[in-house]
Every structure is written in structure tokens, then in C-alpha cells.
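One letter stands for each residue in the lines below.
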Amino acid sequence: MIDGRSLHGGSASGEVAKLNDTISFWGGIDMSGTIIDHAHPQAGTAIAGKIVALAGSRGSSGTPAALCEMLRRGTGPAAILVTEPDINLVVGAMVAAELYEVDCPVVLIEPARFDDLVAGEIVQVGAQ
Amino acid sequence: MHLSELRGRLEPEDRARQLAARLVLSAAETSGATELVPIEMAHISACHYSGRASLDFAEFLLRNNARFAVPTHTNASLIACATPTLRPESTDPESVAGARRLMEIYEQLGATPMWTCAPYQQPDGRPGFGQHVAASESNAVSFFNSVLGARTNKYGDFLDVSAAIVGAVPFAGLHTDSGRLATHLFRLQLPDSASDAERGDAALAHLVGIIVGRLTGTRVPVIDGMGSLGEDQLKAVAAAAASSGSVAMFHVVGVTPEAATLEAATGGHTPARQTVIDTGMLADTRAALQTRSSGSLSAVCLGTPHFSTGEFGELLRLFDGRSTRVQMLVTTSRAVLAEIEALGWAQQLDDAGVGVICDTCTYYPPTPTGVSGLVMTNSAKWAYYAPGTLGVEVAFGSLRACVESAVCGEVVL
């Protein structure tokens, strides 16, 4: 179980995809949920259905719509763990919940907790 | 306005306003703001089609009778309404038809159909000094803050529209006095031997913008040593620094309104970081912006951000009655097109072989017709994005170099 502050509620469990750099969900991840930003340390990683842990998103104001579109297609993350409060990811998840009734909790975690996460480990997220 | 006031005013049956308010409140909680500040206008990007979710969100607003609380202007679209051949529906039916429907919906919702990334080039899209607004497009956010002294954070898709519906945003970041102070100083140092041409190089503002964006992170930078800059050059700095980085506001000492002096820009504090921009750094940046610097051109793309009336005048002056041998596309707004038509310049541009395109930009995918191979631009923003978004090769040069290259059909730097 992950301790943190809920930024957007929901519950999920799955495998951790740990990203060691921020990323733009518009242009940095394709609609199949694969990281296509060549400069990103986890380029080529699939995030669909994973518990995605990262500092936050960056860059484009297109991130909310891109995350929402992935969640609509079923290629988005199962949950998102961030170490910085990230409104763009929260907004994408909130709109997907309203339009498509898809759960993608977003939880703010301590940097130390992020460091302890291991890619591939199974975690459960329950956020109010 | 305290957050609880907005919470208390929500009608459960008003689903559009309810969602908009929840997004704005969530943004406030995420940023730690306890107050909301009313805005006077909005410039929204959610009207740019980026998948079915864009359309579903807009349809949701329309179905639930959403209304904007403030004048709301539209950023550039994926398609050019008057030039459907630019991105024919057959190349990407879902996106092109989706973009057209999205434009219709935002007009029905009451947005002003400006379809421009440079709303500040027309009087009704130009907020005043100290006004709080909500903007989304990265160069417009930076221009509003930096050049006009209006106040906005960068609001992503959906949150921009929500702010326009609620008419308020969290009082945080660049809306506050302290959030606008510079903490990273850049000093432009050209050698005394630099010629007037080097100092007045039209590409300089673009290159400085790329450097500042790359090195500033999310801080507010202040640039010293630029001399006098006009709005077209400040637009170039804004666009470039928001492409290579996330700069939402910058100061230029002696030029921008909150930087009469270096001390004014920093609030009297010593900048946490200082960087010298020298000729070597400028040359490296120029080299890194182009994938090729010679060869036959297939096209020249100008107008990222949208061309101003002044830039069209300069373009005609540089053509001096000659015409382009390759496709030249210049993107602009409907308002600027009306101005250049009134001046009789539209005909002269047509005679020079220049295609003037409204409503969109040429670096967005799907790739515009005829833009392939080696393409030249005077925009650092275009050069930064197009190799990735369109898969083209890019040559970068000043507007003069772009015109000379267009006339020759090959890159002349």
C-alpha cells in the first residue's frame, strides 16, 4: 500500500513503471501508452495499465487532453504517483472520470517513497 | 474570493459548471492557493483537436449549456478553414473532421473565433497591464506576462476552459507579485568588435530565447544587454523560451514593463543563478537548431507564432518585387489578414508566390501539403518542433535569409 496525499481519488493495483525524468504526455507518450520521447531514460517503456511513478509532467499544455485520451482508449496508467503536485495530470484524470467513468487515482508521495519503489513491483493504490 | 465561496455556489444539476469549478478548485488545492482571483479574459487551447477526448469534452460542455464568464478567445486550430487543401480530410479523416467540429462547438459556446496563437496582435485579444487572465498557449502566456504585464499561469487543456467558465483562477504563481520576480540572470555579451549586423541580427532574439528556455527550468529569467527590442522580437523570445523550456515569463532590462531596472526585475535580490550568453553559445545554438544548412529547399515556413502586420511589411520589402521559387507558407490570424488586405499587401504577397494561411500552424501534424524534405524557417520554435512533428529537415535563418533562399530555391545563409 502506498502512503501519500490523494490529488484525485480512486483505487488501483498493478505493476510499477518508474520514470526517472519528467515527461510530456502530449508528444512524449504515444496513444498506445509507450514512451516515445527519445531523450527520456525510460524511452520504449509501456505505461498502459501500470502504476506510473514520476516527479511530474512537463512542457506542453496538451498533457491533460493526452492523458484523458489514453484513459479513454484504455492505454493510460492504472494510477499515477507523483512527487510534485501536478495539476495537469490531475485534470486529465478528473475529466476522464467525468466523461468515461475511468478510475486513475493520482497520489502525491514523498521523494523517499519514490526512491524505494522498484520497477515491476506490484503495489496497491487506494485514494479518497 | 475564498475557495469555499465557489464551492457553496455550485448547483448539482449544472454539470458543466460543476466540473469546471471542481477542476479550478483542484488546481487551487494542488498549488496550495487559498484564494481565487477573478480574470478578465481567457485564451484557450482546448479548442485544438488532440484526440476524441477533446471533442467529447466540448460536446459535454455544449450538452450541459456551458457559458463563458469572461471574453474567451481561441488558440490556433489544427485546420485552416479557408485553405482545406493544406490538410486534406483524406490524409487523416478523424483529426480533420474532429477539428472542424471542435471549432464549431467552441463558437457555439460563445468563444471569439480568433484561431490565433498571437491574440496580442489584435486590440481585443490584448489584456492590459496588471490584468489577471487565463491563457494556455505557451508563447501567449509568456507574451501576456512578460511584454504586456498581464498576469497568468500556463493553464493546460480543460483547465483553461474551466477558468473561463468559472471566471476565476487560483491566486498563485505568476498571479502574485512575488511569483513574478526574476531569480536567474542572463547577460548577453557580444564582443566590442561585433558588427551592427551581428547586434541587429533578426535571429538573435530567437537564439537567446532558446538558450534562456533550456537553462532556466521553471524559474523566471531576466535578460540584460539586449538593447531595444520591438514586439516582434519579444514574441520570438517568448516563443523560443517556451519551446526549449517552460518559461512562462521573462524580463528584459530596460524593455519589458516590470524591468525598468535589473533591481526592479529581481525585487532587489541577488539572482540565484547567472549565465553569460556569448557568441560561442549563440553559434552552437544556431547549429543545433538546424538539421541541414545547405541544399535545395522544398518549402519555407514562416509565422510561428502568427505573423504580425509589421512582419508582412518587412517580408514584402525583402522580396522587393521578386518572387519565391519554392512553396512559401506564412501563418497568421484572420485579423492580421484583414489588415494586410486593407493595405493592398495581400495581392503583392500573392504576386510574390507567398501563401498566407489563417487559423493554424504549419508544424502541427498531420504534415501540411508540400512541406517535406528540407524546409527553411526564421522561427526557432518551428525549427525546434518540426523535425519531430513532421519528420522534415530544417534550415534556420533570419527573415532576410529565408527570402533570399526562397528566391534562389536553395539555402542561402
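A separate point is the overall build of chain B. For chain B, the helix and strand inventory stands at 16 helices and 14 strands. Taking 413 residues into account, the globule formula puts the C-alpha radius of gyration at 22 Å, and chain B, at 21 Å, falls close to it. Scored against the burial criterion, the 413 residues of chain B give a buried share of 54%. Sequence separation of 24 or more characterises 79% of the internal contacts of chain B that already satisfy a separation of 6 or more.

On the side of chain B, 26 residues touch chain A, which itself brings 22 residues to the contact. Contributing elements (two or more residues each) for the side of chain A that touches chain B: α1 (63-73) and α2 (87-100) of chain A. Of the residues that constitute the side of chain A that touches chain B, the class distribution is 13 nonpolar, 5 polar and 4 charged.

Further remarks concern unusual backbone geometry. Residue and element names in this part refer to chain B. For the bond from Thr304 to Pro305, the omega torsion is -5 degrees, close enough to zero to count as cis. Structurally, the position occupied by Pro305 is in the loop between β10 (299-302) and α12 (309-319). For the bond from Pro365 to Pro366, the omega torsion is 0 degrees, close enough to zero to count as cis. Mapped onto the elements, Pro366 comes out in the loop between β12 (354-358) and β13 (374-377). Not every positive phi belongs to a glycine, and Asn65 is a case in point at roughly 55 degrees. Its location among the elements puts Asn65 in the loop between α3 (52-63) and β3 (72-74). In this structure, Phe158 is a non-glycine residue whose phi angle is positive, near 80 degrees. Position of Phe158 among the secondary structure elements: in the loop between α5 (138-148) and α6 (159-166).

Residue and element names in this part refer to chain B. Formed by 180 residues in total, the largest nonpolar core has its most connected members in Val24, Ala163, Val208, Val300 and Val375. At 9 residues, helix α2 (residues 15-31) tops the list of elements feeding residues into this core. In contact with Val24, other than residues within four places in its own chain, are Ser162, Ala163, Val166, Ala168 and Val169.

So, on to the sheet that holds strand β8 (residues 251-252) of chain B. Residues and elements named next belong to chain B. As summarised here, the arrangement of the 4 strands in space is β8-β7-β6-β9, forming an open sheet in which the pairing is parallel. Each edge of the sheet is formed by a strand with only one pairing partner; in this case those strands are β8 and β9 (273-277). Looking at chain direction, strand β7 (residues 221-224) and β8 are connected through 2 bridges and run parallel. Looking across to β8, one finds that Val222 is bridged to His251.

Moving on to the packing of α3(B) against helix α4 (residues 93-108) of chain B. Residue and element names in this part refer to chain B. Relative orientation of the contacting elements α3 and α4 amounts to 25 degrees, with a least axis distance of 10 Å. Our classification of the angle between α3 and α4 gives roughly parallel. The hand of the α3/α4 crossing is left-handed. Of the residues in α4, those in contact with Arg52, Ser54, Leu55, Ala58, Glu59 and Leu62 of α3 are Gly98, Arg101, Leu102, Ile105, Tyr106 and Gln108. Looking at the contact of α3 with α4, its residues break down into 6 nonpolar, 3 polar and 3 charged.

Another point: the sheet that holds β12(B). Residue and element names in this part refer to chain B. Strands sit in the order β12-β11-β10-β13-β14 across an open sheet of 5 strands; the sheet is parallel. The open sheet terminates on both sides in strands that have one partner only, identified here as β12 and β14 (393-396). Along the sheet, successive strands turn relative to each other by an average axial angle of 25 degrees, direction set aside. Here 5 bridges tie strand β11 (residues 327-332) to β12, and the two strands are oriented parallel to one another. Bridge pairing links Thr332 to Cys358 in β12. Packing of helix α15 (residues 380-389) onto the sheet brings it into contact with β10, β13 and β14, and relative to β14 it is tilted by some 165 degrees.

Residue and element names in this part refer to chain B. Across its 13 residues, helix α8 (residues 204-216) extends 18 Å between first and last C-alpha, which sits within 8% of the 18 Å expected from 1.5 Å per residue. Burial within α8 is extensive, with 11 of its 13 residues counted as buried. By the burial criterion, the buried members of α8 are Leu204, Ala205, His206, Leu207, Val208, Gly209, Ile210, Ile211, Val212, Gly213 and Thr216. Packed against the buried residues of α8 are β6 (184-188), β7, α9 (231-244), β9, α11 (279-289) and α15. Gly217 sits one or two positions beyond α8 and adopts a positive phi of about 65 degrees.

What follows is about the packing of α9(B) against α15(B). Residues and elements named next belong to chain B. Viewed as axis vectors pointing N to C, α9 and α15 meet at an angle of 30 degrees, and their least axial separation amounts to 8 Å. It follows that α9 is roughly parallel to α15 by the angle criterion. Between α9 and α15, the residues in contact are Ala236, Ala239, Ala240, Ser243 and Ser244 and Ala380, Lys381, Tyr384 and Tyr385, respectively. Tallied by class, the residues present in the contact of α9 with α15 amount to 6 nonpolar, 2 polar and 1 charged.

So, on to the environment of Thr34(A). Residues and elements named next belong to chain A. Relative to the elements of secondary structure, Thr34 occurs in the loop between β2 (10-18) and β3 (51-54). Exposure remark for Thr34: the 14 C-beta atoms within 10 Å place this residue in the partly exposed category. Taking C-alpha positions, Thr34 is 8.8 Å from Thr75, a pair spaced 41 residues apart along the chain. Discounting chain neighbours no more than four positions away, the residues touching Thr34 are Ile29, Gly44 and Ala46.

On to the confidence of the model for chain A. Predicted confidence across chain A gives a mean pLDDT of 93, with 99% of residues reaching 70 or more. Per-residue pLDDT, averaged within each element of chain A, yields its smallest value for strand β6 (residues 122-127) of chain A (92) and its largest for β3(A) (98).

Attention now goes to α3(B). In an α-helix, one full turn covers 3.6 residues, which means residues spaced three or four apart are oriented alike. If you check α3(B), its first and last C-alpha atoms are 16 Å apart, about what 12 residues at 1.5 Å a residue would give, namely 16 Å. When α3(B) is considered as a whole, its buried residues turn out to be Ala53(B), Ser54(B), Phe57(B), Ala58(B) and Leu61(B). Down the axis of α3(B), the buried side of the element spans an arc of 135 degrees, and every buried residue falls inside it. Considering only its buried residues, α3(B) is in contact with α1 and α2 of chain A together with α2 and α4 of chain B. Following α3(B) by one or two positions, Asn65(B) has its phi on the positive side, about 55 degrees.

About the cut-offs
Counting restarts for each chain, with residues numbered from 1 along the sequence as it is written. By the order in which they are written, chains take letters starting at A while ligands take numbers starting at 1. A pLDDT threshold of at least 70 governs which residues receive local features in this predicted model, and a stricter bar of 80 or more applies before side-chain atom pairs are shown or counted, although totals over entire chains, interfaces and linings include all residues. We count a stretch as a helix when DSSP gives it H or I for four or more residues in a row; a strand needs E for two or more, and each element gets its number in order from the N terminus. All radius of gyration figures rest on C-alpha atoms, and the globule criterion is 2.2 Å times the number of residues raised to 0.38. Exposure is read from a count of other C-beta atoms within 10 Å of each residue's own; the residue is exposed at 12 or fewer, buried at 20 or more and partly exposed in between. C-beta atoms are placed from the backbone. Once C-beta atoms have been placed from the backbone, residue pairs whose C-beta atoms lie within 7 Å are recorded as contacts. Just so you know the grouping, Ala, Val, Leu, Ile, Met, Phe, Trp, Tyr, Cys and Pro go in nonpolar, Asp, Glu, Lys and Arg go in charged, and all remaining residues, Gly too, go in polar. Nonpolar cores are built from buried Ala, Val, Leu, Ile, Met, Phe, Trp, Tyr and Cys residues. These are joined into a set through C-beta atoms within 7 Å. Between any two strands, at least two bridges found by DSSP are needed for them to pair. Lines fitted to the C-alpha atoms define the axes, with helices restricted to the stretch that makes contact. Angles between their N-to-C directions range from 0 to 180 degrees. Should an angle lie under 35 degrees it is considered roughly parallel, over 145 roughly antiparallel, and from 65 to 115 roughly perpendicular; all remaining angles are considered oblique. Take the far helix as the reference: if the near one is turned anticlockwise from it by less than a right angle, the crossing is left-handed, and if turned clockwise, right-handed. For a helix, the expected span equals 1.5 Å multiplied by the residue count minus one. Across the chain, each position has a pLDDT score giving the predictor's confidence in that residue, from 0 to 100. The arc in question is the one spanned by the directions pointing from the helix axis to the C-beta atoms.

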